[in-house]
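So the chains spell out like this:
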Amino acid sequence: KNQVEQSPQSLIILEGKNCTLQCNYTVSPFSNLRWYKQDTGRGPVSLTIMTFSENTKSNGRYTATLDADTKQSSLHITASQLSDSASYICVVSALPNAGKSTFGDGTTLTVKP
Amino acid sequence: NAGVMQNPRHLVRRRGQEARLRCSPMKGHSHVYWYRQLPEEGLKFMVYLQKENIIDESGMPKERFSAEFPKEGPSILRIQQVVRGDSAAYFCASSPGQGDSPLHFGNGTRLTVT
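Residues numbered from 1 in each chain as written. Chains lettered and ligands numbered in written order. Predicted model: local features only at pLDDT ≥ 70, side-chain atom pairs only at ≥ 80, totals over all residues. Heavy atoms only, no water.

Trainee: Any chance you could explain unusual backbone geometry here in plain terms?
Mentor: What you tend to see is this: most non-glycine residues have negative phi, and most peptide bonds are trans. All names here are of chain A. The residue after serine 7, namely proline 8, is reached through a cis peptide bond having omega -10°. Here proline 8 is to be found in the loop between β1 (4-7) and β2 (10-14). In the segment running from serine 28 into proline 29, the intervening peptide bond is cis, with an omega of -5°. Even without glycine at this site, lysine 71 takes up a positive phi of about 60°. (Helix = DSSP H or I, 4+ residues; strand = E, 2+ residues; numbered from the N terminus.)

Trainee: Just checking my understanding: could you explain the packing of aromatic side chains for this structure?
Mentor: Two measures describe an aromatic ring pair: the distance that separates the ring centres and the angle between the ring planes. A full pass over the atoms with the stated rule returns eight aromatic pairs over all chains. Ring centres of Tyr25(A) and Phe30(A) lie 5.2 Å apart, and the angle between their planes is 25°; on these two criteria the pair is classed as stacked. For Phe30(A), a relative accessible area of 18% corresponds to the buried category. Consider the rings of Tyr35(B) and Phe105(B), whose centres lie 5.6 Å apart with planes at 45°: the pair is tilted. Residue Tyr35(B) is found in strand β4 (residues 31-37), and its partner Phe105(B) is found in strand β10 (residues 104-105); the two are separated by 70 residues along the sequence. With respect to class, Tyr35(B) is no different from Phe105(B); both count as buried. A cation sits over an aromatic face here: Arg61(A) above Tyr62(A), 5.8 Å from the ring centre. (Phe/Tyr/Trp six-rings, centres within 6.5 Å; stacked < 30°, edge-to-face > 60°. Buried < 20%, exposed > 50% of the residue type's maximum accessible area, 1.4 Å probe, protein only. Lys NZ or Arg CZ within 6 Å of the ring centre and 35° of its normal.)

Trainee: What should I look at first to understand the sheet that holds strand β6 (residues 56-59) of chain A in this one?
Mentor: Either a parallel or an antiparallel arrangement is found when strands of a sheet pair, and the pairing is made through backbone hydrogen bonds. Residues and elements named next belong to chain A. Within the open sheet, the five strands sit side by side as β1-β3-β8-β7-β6. Their pairing is antiparallel. Each edge of the sheet is formed by a strand with only one pairing partner; in this case those strands are β1 and β6. Each adjacent strand pair in this sheet contributes to an overall mean axis angle of 15°, direction not counted. The pairing of strand β7 (residues 62-67) with strand β8 (residues 72-77) spans six bridges and is classified as antiparallel. Bridge pairing links leucine 66 to serine 73 in β8. (Pairing = 2+ DSSP bridges. Axes fitted to C-alpha atoms, helices over the stretch in contact; angles between N-to-C directions.)

Written as structure tokens, this is what we have:
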């Protein structure tokens, strides 16, 4: 059964600090992995996408890594801001078409001043 | 350049009534997906549609739930005879369906069944 496990479930950090969110998956075959950010009361928004051959990808202060051998990904947030407070969702697809992907339950990040 | 539009944003129904949730995909997107999100939980896939066709409805309950994406107009998720357990946020996403295009999500419809 395809599964995506995220940790921690929730995280509280101070503004300006860095943090790393983890994602382990058992989806097979593997096509790509995406990280989404979901603000409270809004729909998720794509941050990064990684395919099998990619190890690292950055989007501003967000850096995602992928280890396809151990089936792990991480999302590192640098110099956190209050607006980073959101749920971060790891989504893994077995096919290029993103629709029927396997969603993690998300990590809820709270950035405090 | 409007994104995915969902309406209504909030919907309150009494037990036994019908709920109709609408989703207009991004311009040029012919693939629509519906997800349900319970409080404090992740998104769960319900159904995947292309214009006039249901491609995959494996995540949608067999009873009371139906979805359509007509040739003209928005996609509709219909829940008949709602029960309290149907209370959730329902998100629609669209994609052009090619390659590694990400899903573009609407801001959801929050259904409350009283």
